[in-house]
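Understanding the architecture of this molecule
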Amino acid sequence: MSQSVKDLNLPVVAVEDLTGYPSILGGRVKTLHPKVFGGILNRRSLAGDQEQISQYEIPEIDLVIVDLYPFEETVKAGGTDVEIIEKIDIGGISLIRAAAKNFNDVVIIASKDDYGTLLNELQAQDGATNLAQRKSYAKKAFHTSSHYDTAIFNYFNTEEPLNVFKQSVKDAQTLRYGENPHQQGTFYGNLDEMFTKLNGKELSYNNLVDVDAAVSLIDEFTEPTFAILKHTNACGLASRATVLEAWKDALACDPVSAFGGVLITNQEVDLATAQEINNLFFEVLIAPSYQPEAVELFKAKKNRVILQRNEVELSKKQFKTLLNGVIEQDKDLSIEAADEMTVVTEKAPSEASVKDLIFANKIVKHTKSNTIVFVKDNVLIASGVGQTSRVDALKQAVVKAEAFGFSLKDAVMASDAFFPFPDCVELAAEAGIIAVLQPGGSIKDQDSINMANEKGIAMVTTGVRHFKH
C-alpha cells in the first residue's frame, strides 16, 4: 500500500519510522505500538488525551484503511495448518476495532467495497466526513471483525467442539417477500457462487426452499435422472439411459402437480429435451449444463428461471430458528445399500426389486413425513406425502397411482419409518406391491412381517429411519 501511495507522489511515513521499531517476528508484530494506537484512539475533545499525545509526540490519525489477511480464502484453498495460522491477522483486526471504537473522530474503512463511497464523500464534502458517516463505517467495520473472528473460531472448533452456535454470512440478498407476501425475506449467502442464472426473474423465498430440496434429492443419483418437485416433495422422478427419457417418465408420474414446479437434472439439457420441457409451465429448471440452443428456447419466456449449477461444496450441517433459540443437526447423508438391508421375510426380494427399493428409499429420505413411496423400474409411480398417519400416506399413494393409470403390480414400496400396525403391508400387497423396505424398530415389527409372509411378499429392514419434517 505504501509503495502505491508513494507512486502518487504523496508523503509517506513508514510504520517503522513512526514507532522506532522494525517489523519483527516475521511480520507478526508491526503496528502494535502506542504511537499507532494512541494516534487512533485519542479523543480530540478530551484535554487529557491531547496533553498525552503531545507529551509522547504521537501524531493524530484520522483515517484508517485495513485489508485483512485472507484467512477464509486460505482455508477454502486447502492451505496447511501453518499457512492458515499465519493468515490470522492480529494487527489489522486491532486497528479496525480501535478506529471503529473512536468513530467520533476517526474514519475506519475495513472493506474495499467502501473505497469508492468514501472517495465520493470526501470529494463532495471538502475532504471531511460527518459523524453519521463515520458511525456507519464503524458498524461495517465491526461486522468485518466479527465475521473474521467467527471464521477463525469455526476453523478451530472442529475437533472436540465447544457446544456453541456461531455463524456469520457476509453476502445477503433481499427477496421480494418471504413465504407469503406479508412476510419479509432475505437470503444470506452467495447464490452466484452456487448457480449461474441464464434466464429469468429473481428467485423467491419459496423458490429457494424448493431449489434446496431439489439439489439435495438429485445428488442421490448418478445415472441420468430428472426430478420434478412441488413444495419440496418429488412429484415425478425417473432414471433412464438418456435425459430425454428421464424427463418424459418423470413427468408422467404426476403431470398435474408438475405444473409450476421446480425441475432438476444431473445431465446436460439438450435441445430435444428442452423442446419437451418447454411444453410445461414451470418456475425453475436446474442442470449442470445446457446446449446453447436449449437456452435460447427457454429465453422466449423472460420470467422462467434457468439455472446452471456450479460445483460448490455444501455444508454437512443444517440449522433453523426454533422457539427462543436455534437447533442444529447433521444432514441426513445416509442411504442404505443392498448389503445393509436385512431380509426379514420368508421370501427375498429379486435383484430388480432390490434396485427399486434403493431407488425408493432415496426418494423417501427427501419426502415429508409420514410418507410412502411406490417405485417400479427406477421410476416414481406415486407417493403419499406429509400425512398424519402412515396408513393415510399409503392410501394417498394408491389413489394417486390409480388416478394416473399406473399399475402397482410388481412395484415396490418404501416407508420413511416403521409400521406400527400391519395394515400398511396388507393394503400394499393387495394393491400389487411385491417388496417392502422399512427401517424396522417397532415393538410390533413381527405383525407386519407376518402379514408380508401371509401375502407372499418380501420385506427388508435397514435399521435407519428417514424422518423429514
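Our structure's up above, just so we're on the same page.
Residues numbered from 1 in each chain as written. Predicted model: local features only at pLDDT ≥ 70, side-chain atom pairs only at ≥ 80, totals over all residues. Heavy atoms only, no water.

1. Thoughts on the overall build of the protein
Within the protein one finds 19 helices and 18 strands. Computed over the C-alpha atoms, the radius of gyration of the protein is 30 Å, more than 25% above the 23 Å expected from 2.2 N^0.38 for a compact globule of 469 residues. The C-alpha extent of the protein, read off along each of the three principal axes, is 95 × 55 × 40 Å. Across the 469 residues that make up the protein, the buried fraction comes to 41%. Partitioning the intrachain contacts of the protein with sequence separation of at least 6 by distance along the chain shows that 53% fall at a separation of at least 24. In the form shown here, the protein has an accessible surface area of approximately 25300 Å², with 52% of it arising from carbon and sulfur atoms. For the protein, the centre of its 46 positive side-chain charges and the centre of its 64 negative side-chain charges are spaced 4 Å apart. (Helix = DSSP H or I, 4+ residues; strand = E, 2+ residues; numbered from the N terminus. Rg over C-alpha atoms; globule rule 2.2 N^0.38 Å. Buried < 20%, exposed > 50% of the residue type's maximum accessible area, 1.4 Å probe, protein only. Contact = heavy atoms within 4.5 Å. Areas by Shrake-Rupley, 256 points an atom, 1.4 Å probe, with all protein chains shown as cover. Lys, Arg positive; Asp, Glu negative; His and termini not counted. Charge placed at Lys NZ, Arg CZ, Asp CG, Glu CD.)

2. Topic: helix H12 (residues 243–253)
Every buried residue of H12 is accounted for by Val243, Ala246, Trp247, Ala250 and Cys253. Angular distribution of buried residues about the axis of H12 spans 120 degrees; they occupy a single face of the element. At its buried positions, H12 is contacted by strand S6 (225–230), strand S7 (233–239), helix H13 (255–258), strand S8 (261–265), helix H14 (271–277) and strand S15 (380–384). (Arc of directions from axis to C-beta.)

3. Some thoughts on the sheet that holds strand S14 (residues 372–375)
Overall, mixed pairing links the six strands, which are arranged S13-S18-S17-S16-S14-S15 in an open sheet. Single-partner strands in this sheet number two, and they are strand S13 (342–343) and S15. Sheet analysis places S13 next to strand S18 (residues 458–461), joined by two bridges and oriented antiparallel. Each bridged residue has a counterpart across the sheet, and for valine 343 the counterpart in S18 is valine 460. (Pairing = 2+ DSSP bridges.)

4. Considering the pattern of salt bridges
Taken as a whole and judged by the stated rule, the model has 17 salt bridges. Among the ionic pairs, glutamate 202 bridges to lysine 197, the shortest N-O distance being 3.1 Å. Judged by its relative accessible area of 45%, glutamate 202 falls in the partly exposed class. Residue lysine 197 is classed as partly exposed on the basis of its relative accessible area of 37%. A salt bridge links glutamate 296 to lysine 299; the shortest N-O distance between them is 3.9 Å. Glutamate 296 gets classed as exposed once you look at its relative accessible area, which sits at 53%. (Salt bridge = Lys/Arg side-chain N within 4 Å of Asp/Glu carboxyl O.)

5. Observations concerning the sheet that holds S7
Strand order in the open sheet made by the six strands is S5-S10-S9-S8-S6-S7, with mixed pairing throughout. One side of each edge strand has no neighbouring strand; the edge strands of this open sheet are strand S5 (195–199) and S7. Direction aside, the axes of adjacent strands within the sheet are offset by 20 degrees on average. Running over the sheet, helix H11 (residues 205–218) touches S5, S6, S7, S8, strand S9 (282–287) and strand S10 (305–309) and is turned about 150 degrees from S6. (Axes fitted to C-alpha atoms, helices over the stretch in contact; angles between N-to-C directions.)

6. Observations regarding the pairing of S8
A regular strand places its side chains so that they alternate between the two faces of the sheet. A large share of S8 lies buried, amounting to five of its five residues. Judged by which residues are buried, S8 turns out to be covered on both faces: Gly261, Leu263 and Thr265 on one side and Val262 and Ile264 on the other are all buried. For S6 and S8, the ladder comprises four bridges, and the chain directions are antiparallel. Considered in S8, the bridge of alanine 227 is made with isoleucine 264. Pairing between S8 and S9: four bridges, direction parallel. Within the sheet, the bridge partner assigned to valine 262 lies in S9 and is valine 284.

7. Points about the side chain of threonine 265
Along the chain, threonine 265 turns up in strand S8. Among the residues examined, threonine 265 registers a relative accessible area of 3% and is labelled buried. At a separation of 2.8 Å, a polar atom in the side chain of threonine 265 contacts the main-chain carbonyl oxygen of threonine 225. Side-chain polar atoms of threonine 265 contact the backbone nitrogen of glutamine 267, separated by 3.2 Å. What threonine 265 contacts, discounting residues up to four positions off in sequence, is Ile218, Thr225, Phe226, Val243, Ile286, Ala287 and Pro288. (Polar contact = N/O pair within 3.5 Å; in protein donor to acceptor, adjacent residues only side chain to side chain.)

8. Remarks on the side chain of histidine 466
With respect to the element layout, histidine 466 can be found in the segment after S18. Of note is the side chain of histidine 466, whose polar atom sits 2.6 Å from the side chain of aspartate 332. Once residues lying within four places of it in the same chain are set aside, the contact partners of histidine 466 are Asp332, Ser334, Glu336, Asn361, Val364, Lys365, Ser369 and Asp416.

9. Here we look at helix H16 (residues 351–365)
For H16, which comprises 15 residues, the first-to-last C-alpha distance of 21 Å matches the rise-based estimate of 21 Å (1.5 Å per residue) to within 8%. Across the 15 residues that make up H16, a large majority, 11, are buried. What H16 keeps buried is the set Ser353, Val354, Asp356, Leu357, Phe359, Ala360, Asn361, Lys362, Ile363, Val364 and Lys365. (Expected span 1.5 Å × (residues − 1).)

10. Remarks on a nonpolar patch on the surface
Taken together, the side chains of Leu63, Ile65 and Tyr115 make up a nonpolar region of the molecular surface, amounting to roughly 240 Å² of accessible area. Its place among the elements puts tyrosine 115 in helix H8 (residues 115–124). (Patch = residues over 30% accessible without salt bridge, like charges linked within 9 Å, V, L, I, M, F, W, Y side chains within 5 Å.)

11. Focus on the nonpolar core
Phe226, Leu263, Ile277, Leu285, Phe298, Phe374 and Met413 are the most contacted members of the largest nonpolar core, which has 48 residues in total. Considering every element that reaches this core, the biggest residue donor is helix H17 (residues 390–403), with six residues. Contact partners of leucine 285, with chain neighbours within four places excluded, come to Phe226, Leu263, Ile277, Tyr290, Phe298, Val305, Ile306 and Leu307. Of all hydrophobic cores here, the second largest spans 40 residues; its members include Phe195, Ile218, Val284 and Ile286. (Core = buried A, V, L, I, M, F, W, Y, C linked by side-chain atoms within 4.5 Å.)

12. Examining the pairing of S6
The buried count for S6 comes to five of six residues, which makes it a mostly enclosed element. Linkage of S6 to S7, two consecutive antiparallel strands, is achieved through a turn of two residues, within which histidine 231 is found at a positive phi near 50 degrees.

13. Thoughts on the packing of aromatic side chains
The tally for this structure, following the rule as stated, stands at eight aromatic pairs. Grouped by ring-pair contacts, the aromatic residues Phe71, Tyr148, Tyr155 and Phe156 constitute a single cluster. Positioned above the aromatic ring of phenylalanine 153 is the side chain of lysine 166, whose terminal nitrogen or guanidinium carbon lies 5.7 Å from the ring centre. (Phe/Tyr/Trp six-rings, centres within 6.5 Å; stacked < 30°, edge-to-face > 60°. Lys NZ or Arg CZ within 6 Å of the ring centre and 35° of its normal.)

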